[in-house]
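Analysis of the macromolecular model
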Amino acid sequence: MSDFRSVRGFDNLWRPPAGGRKIVPKEPVIAAPSKGGRGGQARARLARVVQKAPEVVVKITGRTKDGEHLAAHLEYISRKGELDLEQADGALIHGRGAVRELADDWSEVGEGDSRRRANSNMSVSIVLSMPVGTDPDRMKDAVRSFARAEFGDTFPFVFAFHQDAKGEQPHIHLSVRALGVNGERLNPRKADLADWRERFARELRGRGIQAEATPRRARGITQKPERTAIRKARERFERTGQNEPRVLREARREAEALARGGAKPQPWDEQMRRRQAQVRATYQAAAKVLAASADPRDQALAKDVQAFVKSMPPPVSRKVALARQMVVERQRARTGPEAAADRAGPDKGRGRGR
């Protein structure tokens, strides 16, 4: 089995971004035992990444600030009491009245906390999702174990499974009370989100569901995902043609200037290019180690790694990509059939009467 420790930068390839204090897990993860030690784990993860195992999604979608806001959120995730909310101890909350009682209970504890500020959170809303076709029962079991491990008996939580429309990604809404039973407050940072993604992926794999949790750079993706609020505003504008968001106007204005040659790429564009070049070089070095192995499985994985590198998108920002699209559209407009006819003149290309 190939050893990747000699490949420079390999250990940093999937290292999550830092950012703030991590919440200490309360209990060990339940997952399938690994084989082959550190080298076997690295090889297995490399295989999952280059074979494009589904990436888990774990994101904070909001925070509630008062009792009414909390009640409205719990009613939303429970579909006004029609869906069960499962608690940390496995007990189910069903019915709109029971959901309201839970909201009152969480609100009373929060408002009674002498250290609570007016703008303190009452709960943190988290969504965990996977691609269409993921087994819902095993996914719920993975979320159940994930939540118990991360929040334990310190932060009460409830969750509900959603998959409403046909073809919609299965996802689970997890609502966690921000005030812990010992007075500690839940304030997740970027580092916590990275840990949550990795734990959720391990829980899924421990239940036979292929899943990974890698940073964007490890997959060759340089553009940040569009924020939900911006995406919804953009889709609304594209659908109605009204109320174009300011952020979209500014992005198009900057891209227009770049397309016309009136602006230069920013320093971070070059940093982006260099970062992806390093990532590509690291994968290529790992492929070279694999290709030199006598194990046919390593040689097959080397080919997968090389194909993965070739499939990486170009390292460009969203603004540069939009500018390039504008240039292509202008070229098409200048070389299209109608443009060619206009350049030919009113008589050329047309049949003349005799």
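Placed above this text is the structure.
Reference entry: report on the structure contained in this document. (Residues numbered from 1 in each chain as written. Predicted model: local features only at pLDDT ≥ 70, side-chain atom pairs only at ≥ 80, totals over all residues. Heavy atoms only, no water.)

Judged by nonpolar contacts, the single largest core of 26 residues is most densely connected at Ile126, Phe151, Leu174 and Phe200. The element contributing the most residues to this core is helix 4 (residues 136-151), with six residues. Discounting chain neighbours no more than four positions away, the residues touching Leu174 are Val124, Ser125, Ile126, Leu128, Phe146, Ala147, Phe151, Phe157, Val158 and Phe159. Grouped together as the second largest cluster of nonpolar side chains are 21 residues, Val7, Phe10, Ala286 and Val305 included. (Core = buried A, V, L, I, M, F, W, Y, C linked by side-chain atoms within 4.5 Å. Buried < 20%, exposed > 50% of the residue type's maximum accessible area, 1.4 Å probe, protein only. Helix = DSSP H or I, 4+ residues; strand = E, 2+ residues; numbered from the N terminus. Contact = heavy atoms within 4.5 Å.)

It is worth spelling out the environment of Arg273 at this point. By secondary structure assignment, the location of Arg273 is in helix 8 (residues 267-291). Here Arg273 falls in the partly exposed class, since its relative accessible area comes to 42%. Once the C-alpha coordinates of Arg273 and Pro314 are considered, the two residues, 41 residues apart in sequence, prove to be 8.5 Å apart.

All right, on to the pattern of salt bridges then. Tallying each qualifying case throughout the model produces 18 salt bridges. As a salt-bridge pair, Arg205 and Glu212 come within 3.7 Å of each other at their nearest N and O atoms. Judged by relative accessible area, Glu212 falls into the buried class, the value being 2%. Overlapping salt bridges, with partners in common, bring together Arg45, Arg48, Glu198, Arg205 and Glu212 in one network. (Salt bridge = Lys/Arg side-chain N within 4 Å of Asp/Glu carboxyl O.)

This part takes up the packing of aromatic side chains. When we look at a pair of aromatic rings, we describe it by the centre distance and by the angle of the planes. Taken as a whole and judged by the stated rule, the model has six aromatic pairs. Here Tyr283 and Phe308 contribute two aromatic rings whose centre-to-centre distance is 5.3 Å and whose plane-to-plane angle is 75 degrees, an arrangement assigned as edge-to-face. Residue Tyr283 is located in helix 8, and its partner Phe308 is located in helix 9 (residues 296-310); the two are separated by 25 residues in the primary sequence. The residues Tyr283 and Phe308 share a single accessibility class, namely buried. Grouped by ring-pair contacts, the aromatic residues Phe146, Phe151, Phe157, Trp196 and Phe200 constitute a single cluster. Note that Lys140 overlies the ring of Phe161, its terminal NZ or CZ placed 5.5 Å from the centroid. (Phe/Tyr/Trp six-rings, centres within 6.5 Å; stacked < 30°, edge-to-face > 60°. Lys NZ or Arg CZ within 6 Å of the ring centre and 35° of its normal.)

A few words now on the environment of Ile60. For Ile60, the position within the fold is in strand 1 (residues 57-64). Placed 128 residues apart in sequence, Ile60 and Pro188 show a C-alpha to C-alpha distance of 9.0 Å. Those residues in contact with Ile60, other than ones at most four positions away along the chain, are Val124, Ser125, Ile126, Pro188, Leu193 and Trp196.

Next up on the list: helix 5 (residues 190-205). With 16 residues, helix 5 should reach 22 Å at 1.5 Å per residue; the first-to-last C-alpha distance of 23 Å fits that figure. For helix 5, every residue scored as buried is listed here: Ala191, Asp192, Ala194, Trp196, Arg197, Arg199, Phe200, Ala201, Glu203 and Leu204. Looking at the buried side of helix 5, the elements it contacts are strand 1, strand 4 (123-129) and helix 4. (Expected span 1.5 Å × (residues − 1).)

A few words on the sheet that holds strand 6 (residues 171-177). Ordered in space as 1-4-6-5-2-3, the six strands form an open sheet in which the pairing is antiparallel. Across the chains shown, the open sheet's two edge strands, defined by having one partner strand only, are strand 1 and strand 3 (92-93). Of the pairings in the sheet, the one linking strand 2 (residues 85-87) to strand 5 (residues 157-162) comprises two bridges and is antiparallel in character. Bridging across to strand 5, Glu86 finds its partner in Phe159. Strands strand 2, strand 4, strand 5 and strand 6 of the sheet are contacted by helix 4, whose axis makes an angle of about 160 degrees with strand 5. (Pairing = 2+ DSSP bridges. Axes fitted to C-alpha atoms, helices over the stretch in contact; angles between N-to-C directions.)

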